[in-house]
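Spelled out from the first residue to the last, the chains are:
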Amino acid sequence: MTQRHPLTLNPSKSRAAAHRAMALAALHADSSLSVRLRRYNDQMAKARALEAQEVAL
């Protein structure tokens, strides 16, 4: 079971921000372009899903 930090008002919002940061980091990684683009797209899809979940609540 995950534990929430007591000062975090919206954990899904902070998780979405973390996934956006990981997506940008993926673009700057020392990998091939196709790998960087795939990792970026995967992380952005997760961030968008979390944001959509936040709006639905």
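Residues numbered from 1 in each chain as written. Predicted model: local features only at pLDDT ≥ 70, side-chain atom pairs only at ≥ 80, totals over all residues. Heavy atoms only, no water.

S.K.: Describe the overall build of the protein, listing the residues and the values that go with them.
M.R.: A tally of helices and strands in the protein yields two helices and zero strands. The 57 residues of the protein split such that 16% are buried. For the protein, the accessible surface area stands at approximately 4700 Å², while carbon and sulfur atoms represent 58% of it. (Helix = DSSP H or I, 4+ residues; strand = E, 2+ residues; numbered from the N terminus. Buried < 20%, exposed > 50% of the residue type's maximum accessible area, 1.4 Å probe, protein only. Areas by Shrake-Rupley, 256 points an atom, 1.4 Å probe, with all protein chains shown as cover.)

S.K.: So what about the pattern of salt bridges? Which residues, and what values?
M.R.: If you walk through the whole model with that rule in mind, you get one salt bridge. Between E51 and R20 there is a salt bridge; the shortest N-O distance is 2.3 Å. Of this pair, E51 sits in helix α2 (residues 33–56) while R20 sits in helix α1 (residues 11–27), and the two are 31 residues apart along the sequence. Judged by relative accessible area, which is 31%, R20 ranks as partly exposed. (Salt bridge = Lys/Arg side-chain N within 4 Å of Asp/Glu carboxyl O.)

S.K.: Any details on the environment of A17? Residues and values, ideally.
M.R.: Here A17 lies in helix α1. A residue is classified by how much of its surface remains accessible, and A17, at 34% relative accessible area, is partly exposed. Spatially, the C-alpha atom of A17 lies 7.0 Å from that of A47, the residues being 30 residues apart in sequence.

S.K.: Please give an account of α2 that cites residues and values.
M.R.: The first and last C-alpha atoms of α2 sit 34 Å apart over 24 residues, in line with the 34 Å expected at 1.5 Å per residue. Within the sequence span of α2, burial applies to Q43, M44, A47 and L50. In this structure, the buried side of α2 is in contact with α1. (Expected span 1.5 Å × (residues − 1). Contact = heavy atoms within 4.5 Å.)

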